[in-house]
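Architecture at a glance
One-letter residues, chain by chain:
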Amino acid sequence: MNSKRPKVSVIVPIYKTEATLQRTIDSLLAQSLGDFEAILVDDGTPDGAGAIADRAAAADPRFRVIHQENRGAAEARRAGHHAASGEYRMHLDSDDSLTADALQVMCDFAEQQDIDMVF
């Protein structure tokens, strides 16, 4: 990862989402705002989702993986939050996907309105 602080940190807890995780990753790769980091937190998933996350991190330096024992979604999000360095942070479930302009729209709105949070 370069030393520049990313605009957005996207935190993705992973547990038993082998069937959907690649779609989630693909939606991040398709973002019009490329200035992000994706922190994929493998919360001890017993399926192949952890390996999918590892492949994403090997292919794109914006992706990082944290592997931990299963402690639940809240603890996985907390681990991702502690690892995040972005100006903004977003939580994305590993069975969800984003429209290609989602990060850009959220950042633009936050900056235009001079606000710290967008829901």
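Residues numbered from 1 in each chain as written. Predicted model: local features only at pLDDT ≥ 70, side-chain atom pairs only at ≥ 80, totals over all residues. Heavy atoms only, no water.

**Side note on the nonpolar core**
Counting 24 residues, the largest nonpolar core has Val 8, Leu 28, Leu 40, Phe 63 and Leu 103 as the members making the most contacts within it. Elements that contribute at least two residues to this core include exactly β1 (8-14), α1 (21-29), β2 (36-43), α2 (49-59), β4 (88-91) and α4 (102-113). Every residue in contact with Val 8, bar those within four places of it in the chain, is listed here: Leu 33, Asp 35, Phe 36, Glu 37, Gly 86, Tyr 88, Met 90, Leu 103 and Cys 107. Grouped together as the second largest cluster of nonpolar side chains are 6 residues, Ile 11, Ile 39, Val 41 and Ala 76 included. (Core = buried A, V, L, I, M, F, W, Y, C linked by side-chain atoms within 4.5 Å. Buried < 20%, exposed > 50% of the residue type's maximum accessible area, 1.4 Å probe, protein only. Helix = DSSP H or I, 4+ residues; strand = E, 2+ residues; numbered from the N terminus. Contact = heavy atoms within 4.5 Å.)

**So, the side chain of Lys 7**
Along the polypeptide, Lys 7 turns up in the segment before β1. The exposure class of Lys 7 is buried, given its relative accessible area of 19%. Looking at Lys 7, its side chain comes within polar contact range of the side chain of Glu 111, at 2.3 Å. Beyond its immediate stretch of four places on either side in the chain, Lys 7 contacts Leu 33, Asp 35, Gly 86, Glu 87, Tyr 88, Cys 107 and Glu 111. (Polar contact = N/O pair within 3.5 Å; in protein donor to acceptor, adjacent residues only side chain to side chain.)

**Re α1**
For an α-helix the count is 3.6 residues per turn, leaving residues at separations of three or four pointing the same way. For α1, the full list of buried residues reads Leu 21, Thr 24, Ile 25, Ser 27 and Leu 28. Buried residues of α1 fall within an arc of 155° about the axis and therefore sit on the same side. Tucked inside the fold, the buried residues of α1 contact β1, β2, α2 and β3 (63-68). (Arc of directions from axis to C-beta.)

**What about the environment of Ile 115?**
Secondary-structure assignment places Ile 115 in the segment after α4. Spatially, the C-alpha atom of Ile 115 lies 25 Å from that of Ser 27, the residues being 88 residues apart in sequence. With residues up to four places along the chain from it excluded, the contact list for Ile 115 reads Tyr 88, Phe 109 and Ala 110.

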